[in-house]
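One-letter residues, chain by chain:
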Amino acid sequence: MKNALIVCNGNPPPRRLLCQLWEKTAYHVAADGGANILLKNKFVPDTVVGDFDSLDIKTREKMPNSKFLHIPEQETNDADKAVRHCLKLGFREIHLLSADGGRQDQFLSALEILFKYSEQARLISWTKMERMEFINQVWEEKISPGTTLSILPVFGGALGVVTKGLKYALKNQNLIPGKSPSGVSNLVVSNTVSVNIKKGRLLLVIQHR
């Protein structure tokens, strides 16, 4: 399955992480000012999507006009526009970098985008310390023991949650905002880690080195 990378205009990512994700993805999109970050790191995106209000003039001058997809509407932000562009092209695994921004409202908006499109594709947002995605029904992955992992009831929570491979197991329990149990700061103790959800969606947060 081909996958895509979207670089947004938030906090610049560590170069090592940018290089790793660039190499593992087949299509590279800059969400507006994300193109500034890419060119500073000597990467040229396949497409630049957005209303271009945060795109540096010098950045635009260094790329041909054919790379720019101008979407002027203001009802959604540039990260949302970039995700829709990738979905339209048929990508079903989309990685996002620098989507956390410098403000908490921007961070929450980025989470809302992950939630909004989580049933259409696998969207994974990366920061310096963790990766995040919304999961539903069945999720399973091999993760190194000792890794910190959280499953959080953001935007509604989930019912009938069963986990395996974690220190604090959930056994057909509900994760609901404001109620116990808490899914924060669990610990991977064995491979493979799995989460089964009867109904709803959860935010999965996994720390990475």
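Throughout, a residue's number is its position along its own chain's written sequence, starting from 1. Selection of residues for local features in this predicted model requires a pLDDT of at least 70, selection of side-chain atom pairs for listing and counting requires 80 or more, and totals for whole chains, interfaces and linings are taken over all residues. The basis for every side-chain value is the complete set of heavy atoms in the structure, and neither hydrogens nor water enter the calculation.

Student: Give a detailed account of the pattern of salt bridges, specifying residues and quantitative values.
Tutor: Salt bridges are counted wherever a side-chain nitrogen of Lys or Arg sits within 4 Å of a carboxyl oxygen of Asp or Glu. In this structure the tally under the stated criterion is nine salt bridges. The shortest N-O distance in the salt bridge between Asp-80 and Arg-84 comes to 2.7 Å. Of the two residues, Asp-80 and Arg-84 both sit in helix 4 (residues 78–88), four residues apart, roughly one turn of that helix. Residue Arg-84 is classed as partly exposed on the basis of its relative accessible area of 30%. The salt bridge involving Arg-201 is made with Glu-119; its shortest N-O contact spans 3.9 Å. With a gap of 82 residues between them, Arg-201 in the loop between strand 13 (193–200) and strand 14 (202–207) and Glu-119 in the loop between helix 5 (104–116) and strand 6 (122–126) connect regions that are remote in the sequence. Via salt bridges that share partners, Glu-73, Asp-80, Arg-84 and Lys-116 belong to a single interconnected network. Each helix is a run of H or I in the DSSP string that is no shorter than four residues. Each strand is a run of E no shorter than two, and both are numbered from the N terminus. Only protein chains enter the accessibility calculation, which uses a 1.4 Å probe. A residue is then buried if its area is under 20% of the maximum for its type, exposed if over 50%, and partly exposed in between.

Student: Tell me about the packing of aromatic side chains, and name the residues and values.
Tutor: We call Phe, Tyr and Trp rings a pair once their centres come within 6.5 Å, taking the six-membered ring for Trp, and we label the pair stacked below 30 degrees between planes, edge-to-face above 60, and tilted otherwise. Within this structure, the stated rule accounts for six aromatic pairs. Ring geometry for Phe-52 versus Phe-68: centroids 5.7 Å apart, planes at 85 degrees, classification edge-to-face. Of the two residues, Phe-52 is situated in the loop between strand 3 (47–50) and helix 3 (57–61) and Phe-68 in strand 4 (residues 68–70); the sequence distance between them amounts to 16 residues. For the pair Phe-52 and Phe-68, a shared accessibility class is recorded, and that class is buried. Seen from their ring centres, Phe-115 and Phe-134 are 5.2 Å apart, and the 75 degrees between their planes marks the pair as edge-to-face. Linking Phe-115 in helix 5 with Phe-134 in strand 7 (residues 130–135), this pair joins segments that are 19 residues apart in sequence. An aromatic cluster is built from Phe-115, Phe-134 and Phe-155, whose rings are joined through pairwise contacts. Counting as a charge over the ring demands two things of the Lys NZ or Arg CZ atom: a distance within 6 Å of the ring centre and an angle within 35 degrees of the ring normal. Seen from the ring of Phe-68, Arg-60 lies directly overhead, with NZ or CZ sitting 4.5 Å from the centre.

Student: I'd like a rundown of helix 1 (residues 15–24), residues and numbers included.
Tutor: All of the buried residues along helix 1 are Leu-17, Leu-18, Cys-19, Leu-21 and Trp-22. Only heavy atoms enter the contact rule, under which two residues are in contact if any of them lie within 4.5 Å. Against the buried residues of helix 1 lie strand 1 (4–7), strand 2 (27–31), helix 2 (34–40), strand 5 (93–97) and strand 6.

Student: Before we move on, could you go through the pairing of strand 9 (residues 148–152) and cite the residues and values that matter?
Tutor: Strand pairing requires that DSSP identify at least two bridges connecting the strands. Relative to strand 12 (residues 186–187), strand 9 is paired through two bridges, and the arrangement is antiparallel. Residue pairing for strand 12: Thr-148 is matched across the bridge by Leu-187. In this structure, strand 9 lies alongside strand 14, joined through four bridges in antiparallel fashion. Bridging across to strand 14, Ser-150 finds its partner in Val-205.

Student: Requested: an account of the sheet that holds strand 5, with residues and values cited.
Tutor: Pairing is mixed in the open sheet, where 10 strands are placed in the order 4-3-2-1-5-6-7-14-9-12. Sheet topology places strand 4 and strand 12 at the edges, where each strand pairs with a single neighbour. In this sheet, strand 2 lies alongside strand 1 in parallel orientation, the contact comprising four bridges. Bridge pairing links Ala-4 to Tyr-27 in strand 2. In this fold helix 1 packs onto strand 1, strand 2, strand 5 and strand 6, with an angle of close to 160 degrees to the strand it touches most, strand 5. Every axis corresponds to a line fitted to the C-alpha atoms, with the helix fit spanning only the stretch in contact, and the corresponding angles, defined between N-to-C directions, vary from 0 to 180 degrees.

Student: Quick rundown of the nonpolar core? Include the residues and the values.
Tutor: Grouped together as the largest cluster of nonpolar side chains are 29 residues, with contacts concentrated most on Ile-6, Val-83, Ile-94, Leu-96 and Leu-123. Among the secondary structure elements, those contributing two or more residues to this core are strand 1, strand 2, helix 4, strand 5, helix 5, strand 7 and strand 14. Not counting residues up to four positions away in its chain, the partners in contact with Ile-6 are Val-29, Ala-31, Ala-82, Val-83, Cys-86, Ile-94, His-95, Leu-96 and Leu-97. We call a set of buried residues a nonpolar core when its members are Ala, Val, Leu, Ile, Met, Phe, Trp, Tyr or Cys and they connect through side-chain atoms within 4.5 Å of each other. The next biggest cluster of nonpolar side chains, apart from the first, holds 21 residues, and it includes Leu-17, Val-48, Phe-68 and Trp-126.

Taken by themselves, the reported measurements are silent on function.
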